[in-house]
Structure formats: structure tokens, C-alpha cells
Amino acid sequence: MSRKLRIQCACGIIILVLASGSFTSQLFGQNRFFVDDQSVSIEDSTVRVPVLMDTTQNRHALSISVVYDRTRLQFTSLDIVGAVTETADWSVGQSADAGSEGVIIWSFVMGLNTGAEGFDPNKVITAGNGLEMAYLNFDITASEAGAAFVRFEDVNPALPARNRMVFEATGTSPILGQGTITIVPLPEFIRGDANEDTILDIVDAMFSLFVQFGGLSAPACEDRLDVDDNGSFFSWDATKIPW
């Protein structure tokens, strides 16, 4: 399938570093790339998806290939975070649209410097579980509630950035996970239902009071706090919620 790539950040040297090595692909149960499921509201405009990994040994380089649901999400940018931020001196990435799916490929090399320092082989990502690598930032384009997938997938073996973990010059193929971004509808409007759980009780009264006097964030629809429907809300509105 033909894909027109939009370059987010590019430099030929990283492609050469990752593509020219001799990889021995292995599959280990404790080596994996994954994302956690999460829920967002249909009224939210963006979502940040953490890219996570488990690795049984130190790593000199990583590459990821992610496919996502373009019918509900649109990729905007990638933020390097966590263990990768502390050690990655070089990264390159591309995004592509392919019909109803979008593709993100990104690579990271630890200790690579184009200046006089060159490459430091002692700079690695230390082995561990649940390590944050990056955040994928998406605009939510869905017009209705539903589920959107974000999954790791080797879309095209010819691309230089597939899902790989690299120690020295040996590549490992991790287990590839899939996450679901559940886009939930706006909650049913019930006047007095301050915490939006569809139940009117004393929790709503306290929620309303803490919004007004305790620094708690108000619900998106502040009319929920206006129990007597007079166009404003104050402490006496909390007393009118059935306890």
C-alpha cells in the first residue's frame, strides 16, 4: 500500500545506524511495547497516550511502529519522556496516513552525538518494567462516542523503523501490545448531579461546596450546580440536593 509520509523530524544518519546493523530477531516474553487503555470524553479535544515498555536488559536503541484509528484520532506530535529522555541523544520519526489508519514510526539512539563526542556505548536505557518512552499526542476528531485503537504493528518490513529493541548490534523483537482509547459520551444532564454519577446524594452537595470554596474543579456543565435553576449557584444550592 502506498503511503505518503509526512516528516516530523528527520536525519539520514539515524536511518543508517538502525538499518545497517545485523539484527538477530528473538522473542522474549518479558520484552514488550504496550500502551494502557484509557477513557476520554467526547468533548475533549486532545489525548496523550503513553508509550511503555518492559525490557529484560539494557538497550542502546529502540524503534517503534504504531498504527492508530484515523476515523477518531489524528496524530499531532511525539514527546520523548522518561528513561528515553534521560539517555536518547538522537531521534527521528515519520507519520503517514493510510485510509482509515494512521502510521507512526520513530527511532531513538542512546549516546549518539554528531559532534566531537561521537557515540558513547556506555549510555543505555536500564532494564526495567513499565518504562515510559514517549507520549503520542492526538487530536480527537470523533463526532460520536466509540472506541479507537492504538497498536504496535510492523506495517512494512522495508521501513527502517520497525518495533525493535537493540543491545549493542543485536536486535530483539518485543511482544507488541494494543490499547483502546474509549471515547465516552457526555453524561446525562441531571440538575444537582455535581459529580456526574447520575445519582443525587450528599456527595453531590459536598462536591458543589468544594467547587465553590475548596478549589475543586467545576464540572464541564456548571448548570449541574445550579439546583434551583436561577442562573447562578451558591452554597444554598447544595442544601437543595436530596440527601
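Keep in mind that what you see is a predicted model, and the values were worked out from it rather than measured.

How do you make sense of the sheet that holds strand β6 (residues 73-80) when you look at a structure like this?
Two modes of strand pairing occur in sheets, parallel and antiparallel, and in both the strands are linked by backbone hydrogen bonds. Taking strand neighbours across the sheet as the criterion, the five strands line up as β6-β9-β4-β2-β13 in an open arrangement whose pairing is mixed. The outermost strands of the open sheet, each flanked by one partner alone, are β6 and β13 (175-176). In the sheet, strand β2 (residues 32-34) pairs with strand β4 (residues 46-55) via three bridges, with the strands oriented antiparallel. Looking across to β4, one finds that Phe33 is bridged to Met53.

Help me understand the environment of Leu176, please; the structure alone is not making it clear to me.
Relative to the helices and strands, Leu176 is located in strand β13. For the pair Leu176 and Arg151, spaced 25 residues apart in sequence, the C-alpha to C-alpha distance is 7.6 Å.

Just checking my understanding: could you explain the pattern of salt bridges for this structure?
Oppositely charged side chains may form a pair once their charged atoms are brought near each other. Counting across every chain of the model gives eleven salt bridges. One salt bridge connects Glu153 with Arg151, and the closest N-O pair in it is separated by 2.6 Å. For Glu196, the salt bridge is made with Arg224, and the minimal N-O distance between the two is 3.4 Å. Residue Glu196 is located in the loop between β14 (178-184) and α3 (202-213), and its partner Arg224 is located in the loop between α3 and α4 (235-239); the two are separated by 28 residues in the primary sequence. By relative accessible area, Glu196 is classed as partly exposed at 31%. When salt bridges with common partners are traced through the structure, they connect Glu101, Arg151 and Glu153 into a single cluster.

Definitions and cut-offs
Residues numbered from 1 in each chain as written. Predicted model: local features only at pLDDT ≥ 70, side-chain atom pairs only at ≥ 80, totals over all residues. Heavy atoms only, no water. Pairing = 2+ DSSP bridges. Helix = DSSP H or I, 4+ residues; strand = E, 2+ residues; numbered from the N terminus. Salt bridge = Lys/Arg side-chain N within 4 Å of Asp/Glu carboxyl O. Buried < 20%, exposed > 50% of the residue type's maximum accessible area, 1.4 Å probe, protein only.

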